[in-house]
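For reference, the chains in residue letters:
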Amino acid sequence: MKGDRVEIVVDAGDTTRTYEVTASRAGRRVESAVRRGVVEVSEVTRTGTPVRTARFMANRVLALVEHPVPREDSSEKPVWTGHPFREDPET
């Protein structure tokens, strides 16, 4: 979802570096995967096509932090309390 981001902290020898991958447009999301010693973070479209990808060696990654956009909780939505269909109006 637009605004979701993943922050990657990498050991760069004598210091650390921080990278961010963000879902920049509506309908896009950020996915992360660890495969064969490589951490891969991608911004993908609704159909799953990668738009941009960041790859890091897994033994150099210190932290992988996901920052989701706060979403509206379904329990906070107002509940409809009207009358059901075919109710006798006299009661």
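The following paragraphs examine the structure supplied in this document. These numbers were taken from a predicted model, which means no experiment stands behind them.

## Focus: the sheet that holds strand 5 (residues 50-57)
Within the open sheet, the three strands sit side by side as 3-4-5. Their pairing is antiparallel. Of all the strands in the sheet, the pair left with one neighbour each is strand 3 (29-35) and strand 5. Geometrically, the sheet is characterised by an average inter-axis angle of 20° between neighbouring strands, direction not taken into account. Two elements, strand 3 and strand 4 (residues 38-44), share seven bridges in a ladder whose sense is antiparallel. Residue Ser32 lies in a different strand from strand 4, and its bridge partner there is Val41.

## Section: the sheet that holds strand 6 (residues 61-67)
Strand order in the open sheet formed by three strands is 2-1-6, and the pairing between neighbours is antiparallel. Of all the strands in the sheet, just strand 2 (16-22) and strand 6 have a single pairing partner and so form its edges. Each strand axis lies, on average, 15° off the axis of its neighbour in the sheet, ignoring direction. Judged from the six bridges that link them, strand 1 (residues 5-11) and strand 6 form a sheet pairing that is antiparallel. Bridge assignment links Ile8 to a residue of strand 6, and that residue is Leu64.

About the criteria used
- Within any chain, residue numbers begin from 1 and follow the written order of that chain's sequence.
- Given that this is a predicted model, residues contribute local features only at a pLDDT of at least 70 and side-chain atom pairs are listed and counted only at 80 or more, while totals for whole chains, interfaces and linings are drawn from all residues.
- The basis for every side-chain value is the complete set of non-hydrogen atoms in the structure, without hydrogens or water.
- For two strands to be treated as a pair, DSSP must find at least two bridges joining them.
- Counting from the N terminus, the helices are the DSSP runs of H or I reaching at least four residues and the strands are the DSSP runs of E reaching at least two.
- Fitting a line to C-alpha atoms yields each axis, with helices limited to the stretch in contact; the angle taken between N-to-C directions then spans 0 to 180 degrees.

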